[in-house]
Amino acid sequence: MEAPVEGYYHCRNSFVYEAKHIFSDGAFDSLSVIDFSDHELLCEYVKNRIQTGAYDLPASGQRLDVLFCKAGAGNYGHFLTECAPRLLNLQGQALGPLRLHMPVEAANYASLITALCNFLGLDVELRIGNTADLVYLERFIYLSSISSHNTKKSRTFSKFRDVILAMLGVQQTYSRRFAIKRGHNEQRKVSNWDDLTPHLSKLGYECIQPGKLTFKEQVSLFASADRIFGSLGAGFTNCMWAGSECMPLMLDPGLADFFFWDISGQLCQQFHWQFCGVAQPWSLELATTDFAAPVDLTLQVLDQLQ
């Protein structure tokens, strides 16, 4: 599949909303509002703030400002596959000291970004924007998309994955099997997970909740995966750390979201997809409602992956 054209844009005299959306000439720039559907509602609000001078100016200095995040940057999967990899396009560009702007929802990843930039040899400082943050920048760089949601991730994604494994010193093996369980406070859980648990244990699967692990623990664990089983959700993004011989099996209530298939496909894994409902257009109800997995069919598929 053809991935989006990627790289970076030199921008001038624009406003930046929440450290990710560019506002210029009375409207949001279309490139910076990918996966953000409500930007039209914000236009008048931002215009009024500009007219009244209700915006900030970052501290002056010799650092070049850089935007690399998008809507959904607080989500583990979207940040790791669609935001952080963009930074690889800064390496070797001789742009000098940089100031990276990150939205507040992505603040948990600040230490990861700092470590990544150090590993890449980039001189950076971070600026974490606040909710409804509006900043005027005279000159900055916008790193363009490396993917289209659902499909069409560029090879920059797989390069990023290899960089993280090297940075953390993680070696790949195929020695363990993981069943990803979503937490009690997460949506779209498998409602009859307890019915599957005894069978999963007999098949050698370790039941884990990625959200309770550190980033390095997640990378290290899934780099050792021979099989991965679980429902569609952010935790399943961890299949990106597994090797090409790993076989993921994803349960889907009917969302038909190709996001994880595309990750797995770039790594040449044999991705397996089990629908637990009728495939249908995306809806908030389907995306947030728990669903049941047919036990007999699920065990039959798992047995075939032995």
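Just above sits the structure.
All of the points below concern the structure found in this document.

Calculation rules
- Residues numbered from 1 in each chain as written.
- Predicted model: local features only at pLDDT ≥ 70, side-chain atom pairs only at ≥ 80, totals over all residues.
- Heavy atoms only, no water.
- Phe/Tyr/Trp six-rings, centres within 6.5 Å; stacked < 30°, edge-to-face > 60°.
- Buried < 20%, exposed > 50% of the residue type's maximum accessible area, 1.4 Å probe, protein only.
- Helix = DSSP H or I, 4+ residues; strand = E, 2+ residues; numbered from the N terminus.
- Core = buried A, V, L, I, M, F, W, Y, C linked by side-chain atoms within 4.5 Å.
- Contact = heavy atoms within 4.5 Å.
- 1 Å grid on protein atoms, 1.4 Å probe; cavity = no way out; pocket = protein on both sides within 12 Å on 5 of 7 lines; lining within 4 Å.
- Points joined across faces, edges and corners; volume = space filled by probe spheres on them.
- Nonpolar A, V, L, I, M, F, W, Y, C, P; charged D, E, K, R; others polar.
- Pairing = 2+ DSSP bridges.
- Axes fitted to C-alpha atoms, helices over the stretch in contact; angles between N-to-C directions.

1. Brief notes about the packing of aromatic side chains
Following the criterion strictly, the structure yields 18 aromatic pairs and no others. On the numbers, 5.0 Å between centres and 80 degrees between planes, the contact of phenylalanine 23 with phenylalanine 28 is edge-to-face. For the pair phenylalanine 23 and phenylalanine 28, one class covers both residues: buried. Between tyrosine 55 and tyrosine 136 the ring centres are 6.4 Å apart and the planes differ by 55 degrees, which places this aromatic pair in the tilted class. Linking tyrosine 55 in the loop between helix 1 (39–51) and strand 4 (64–67) with tyrosine 136 in strand 7 (residues 134–143), this pair joins segments that are 81 residues apart in sequence. Grouping aromatic residues by their ring pairs yields a cluster made of Phe236, Phe258, Phe259, Phe260, Trp261, Phe271, Trp273 and Phe275.

2. Thoughts on the nonpolar core
With 62 residues, the main nonpolar core has Phe68, Phe79, Ile164 and Trp241 as its most contacted residues. Sort the elements by how many residues they give to this core and helix 4 (residues 155–168) lands first, with 7 residues. Those residues within four positions of isoleucine 164 in sequence are excluded, and the remaining contacts are Leu112, Leu116, Phe215, Val219 and Trp241.

3. Some remarks on the layout of surface pockets
Approximately 1,100 Å³ is the volume attributed to the largest pocket. Elements with a minimum of two residues in the lining of the largest pocket: helix 2 (76–83), helix 7 (259–266) and helix 8 (284–288). Residue composition of the lining of the largest pocket, by class: 15 nonpolar, 17 polar and 8 charged. At the level of secondary structure, the elements contributing two or more residues to the lining of the second largest pocket comprise strand 4 and strand 7. Partitioning the lining of the second largest pocket into residue classes produces 6 nonpolar, 3 polar and 5 charged.

4. Section: the sheet that holds strand 10 (residues 225–231)
The sheet built from 5 strands is open, its strands ordered 9-8-10-11-12 with parallel pairing. Taken across any chain shown, the strands that pair with only one partner, and hence form the sheet edges, are strand 9 (205–208) and strand 12 (272–275). The average angle at which neighbouring strand axes cross in this sheet is 20 degrees, direction not considered. Note that strand 8 (residues 176–180) and strand 10 share 5 bridges and pair parallel. Along strand 10, the bridge assignment pairs isoleucine 180 with glycine 230. In the packing of helix 9 (residues 295–304) onto the sheet, the strands contacted are strand 9, strand 10, strand 11 (247–252) and strand 12, and the crossing angle to strand 12 comes to about 170 degrees.

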